Amino acid sequence: MTQKIVTLITGAEKGLGLLTAKALSKEGQAIVIGALDEDAAKKAVAEITADGGEASYVNLDVTNHDQVKAAGQYFADKYGYLTILINNAGIVTDGQHTPVDVPMDALRKEFDVNFFGSVDVSQTMVPLLKKAENAQIINLSSNMGSLGLATDTSFPFYNFYSMGYGASKAAVNFETICFSKALKDDGIPVNSVNPGFSDTAFGGRDTNDPKPAGMQTAEEGAAQVIKMATRSPQTDSATFSENAGIVPW
Ligand SMILES: NC(=O)c1ccc[n+]([C@@H]2O[C@H](COP(=O)([O-])OP(=O)(O)OC[C@H]3O[C@@H](n4cnc5c(N)ncnc54)[C@H](OP(=O)(O)O)[C@@H]3O)[C@@H](O)[C@H]2O)c1
């Protein structure tokens, strides 16, 4: 590699994205946080740079097309390319509902951020990824979006619906497969990762609660994304993986 690795992580001012940003920065990657919360992004950039890393942020609500376009321009102007795109920004708004009572608004919001947002960011960044050496896209998915697990009675969340969240992440997985095919000839792998139920503020969980929110630490949740973003060679594409291995689509 002669180019510095430049990495955009959406929603990386906190949670798994921030842990990923810090870990990839330690690997020498220049990190750009795609931020919804500007104050948190400034703090994250200060922490990474204080630790000797290269980091900056762009205001990036992934549902705001003008901001997505402006983020693309930021990379064109500052670096001329983008090496790794990590579509990490995500929301869940329907965890407390069943399919028969979930408000349509909650479903639409989840699709707006999780699916339409990541597609818009990916489409915008593709020309910049094509200018990079060893470019790749990693989409944060979820085991809740696995059709294989949703129909497997031994899956621990078999009886948990979150229909809109799961459907939006299943859509993200289809996005992964389609982008992978579309970018195959450009040598740009596109993969989905399931972080697993991790101790972050995701979905409005209280991170100060002494009882951890997830089934694993946030560090464990970020591990597979970090592995995918640092693996070599990166010949595999259209995979759906987690710490334990391959997840069924
Ligand atoms: N934690 C888990 O148990 C778990 C399990 C499976 C999959 N995941 C996936 O992992 C990813 C990261 O989750 P996390 O646990 O780190 O959650 P998190 O701590 O809530 O982080 C998500 C980040 O996305 C940001 N975001 C929300 N809407 C956005 C938008 N429209 N544009 C840009 N950024 C936006 C959030 O900003 P604000 O906080 O300011 O809204 C936040 O910084 C998500 O895609 C999630 O679906 C998480």
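Scroll up to find the structure.
Conventions and cut-offs
Residues numbered from 1 in each chain as written. Predicted model: local features only at pLDDT ≥ 70, side-chain atom pairs only at ≥ 80, totals over all residues. Heavy atoms only, no water. Near = heavy atom within 4 Å. Polar contact = N/O pair within 3.5 Å; in protein donor to acceptor, adjacent residues only side chain to side chain. Areas by Shrake-Rupley, 256 points an atom, 1.4 Å probe, with all protein chains shown as cover. Helix = DSSP H or I, 4+ residues; strand = E, 2+ residues; numbered from the N terminus. Salt bridge = Lys/Arg side-chain N within 4 Å of Asp/Glu carboxyl O. Buried < 20%, exposed > 50% of the residue type's maximum accessible area, 1.4 Å probe, protein only. Pairing = 2+ DSSP bridges. Contact = heavy atoms within 4.5 Å. Axes fitted to C-alpha atoms, helices over the stretch in contact; angles between N-to-C directions. Expected span 1.5 Å × (residues − 1). Arc of directions from axis to C-beta. Parallel < 35°, antiparallel > 145°, perpendicular 65-115°, else oblique. Left-handed = near helix turned anticlockwise from the far one by under 90°. Nonpolar A, V, L, I, M, F, W, Y, C, P; charged D, E, K, R; others polar.

What follows deals with the site of the ligand. Taken together, 27 residues lie around the ligand, and Leu-16, Asn-88, Tyr-165, Ser-198 and Thr-200 are the ones closest in. In this structure, Asp-61 approaches the ligand through a side-chain N or O atom, which is 2.9 Å from a nitrogen atom. A distance of 3.0 Å separates a nitrogen atom of the ligand from a polar atom in the backbone of Val-62. Relative to its unbound accessible surface of 890 Å², the ligand loses 90% to contact with the protein. Counting only elements with at least two residues in the shell around the ligand, the list comes to α1 (15–26) and α6 (163–182).

Overall, the coordinates contain 7 salt bridges when judged by the stated rule. Residue Asp-186 is joined to Lys-130 by a salt bridge in which the shortest nitrogen-to-oxygen separation is 3.8 Å. A residue pair is termed long-range when its members are at least 10 positions apart, and Asp-186 in the loop between α6 and β6 (190–193) and Lys-130 in the loop between α4 (104–129) and β5 (136–140) qualify at 56 residues. Residue Asp-186 is classed as partly exposed on the basis of its relative accessible area of 37%. By relative accessible area, Lys-130 is classed as partly exposed at 47%. Each of Lys-22, Lys-43 and Glu-47 takes part in a single network of salt bridges with overlapping partners.

Glancing now at the sheet that holds strand β2 (residues 30–35). Spatially, β3-β2-β1-β4-β5-β6-β7-β8 is the arrangement adopted by the 8 strands of the open sheet, whose pairing is mixed. Of all strands in the sheet, those bounded by a partner on one side alone are β3 (55–59) and β8 (245–246). Alignment of β5 against β6, held across 4 bridges, turns out to be parallel. Along β6, the bridge assignment pairs Ile-138 with Asn-191. Those strands touched by helix α3 (residues 65–78) are β1 (6–10), β2 and β3, and its axis lies near 145 degrees from that of β3.

Here we come to helix α2 (residues 38–50). An α-helical segment advances 3.6 residues per turn. Residues three or four places apart therefore align on the same side. Taking 1.5 Å per residue as the helical rise, α2 with its 13 residues ought to reach 18 Å, and the 18 Å between its terminal C-alpha atoms agrees with that figure. The complete set of buried residues in α2 reads Ala-40, Ala-41, Ala-44, Val-45 and Ile-48. One side of α2 holds all its buried residues, which, seen down the axis, span an arc of 135 degrees. Looking at α2, the residues exposed on the side facing more than 90 degrees away from the buried face are Asp-39, Lys-43 and Ala-50. Buried residues belonging to α2 abut α1, β2 and β3. Put simply, Asp-37 is the residue that caps the front of α2, since its side-chain oxygen is 3.3 Å from the backbone nitrogen of Asp-39. Two residues or fewer past α2, Gly-52 is found with a positive phi of approximately 95 degrees.

Bringing the environment of Ser-154 into the picture now. Considering the arrangement of structural elements, one finds Ser-154 in the loop between α5 (147–150) and α6. Of note is the side chain of Ser-154, whose polar atom sits 2.7 Å from the side chain of Asp-152.

Where α1 meets α2, the axes come as close as 10 Å, and the angle between the chain directions of the two elements is 25 degrees. On the basis of the axis angle, α1 is roughly parallel to α2. Crossing of α1 over α2 shows right-handed handedness. Judged by residue contacts, Leu-18, Ala-21, Lys-22 and Ser-25 of α1 engage Ala-44, Glu-47 and Ile-48 from α2. By residue class, the composition of the contact of α1 with α2 is 4 nonpolar, 1 polar and 2 charged.

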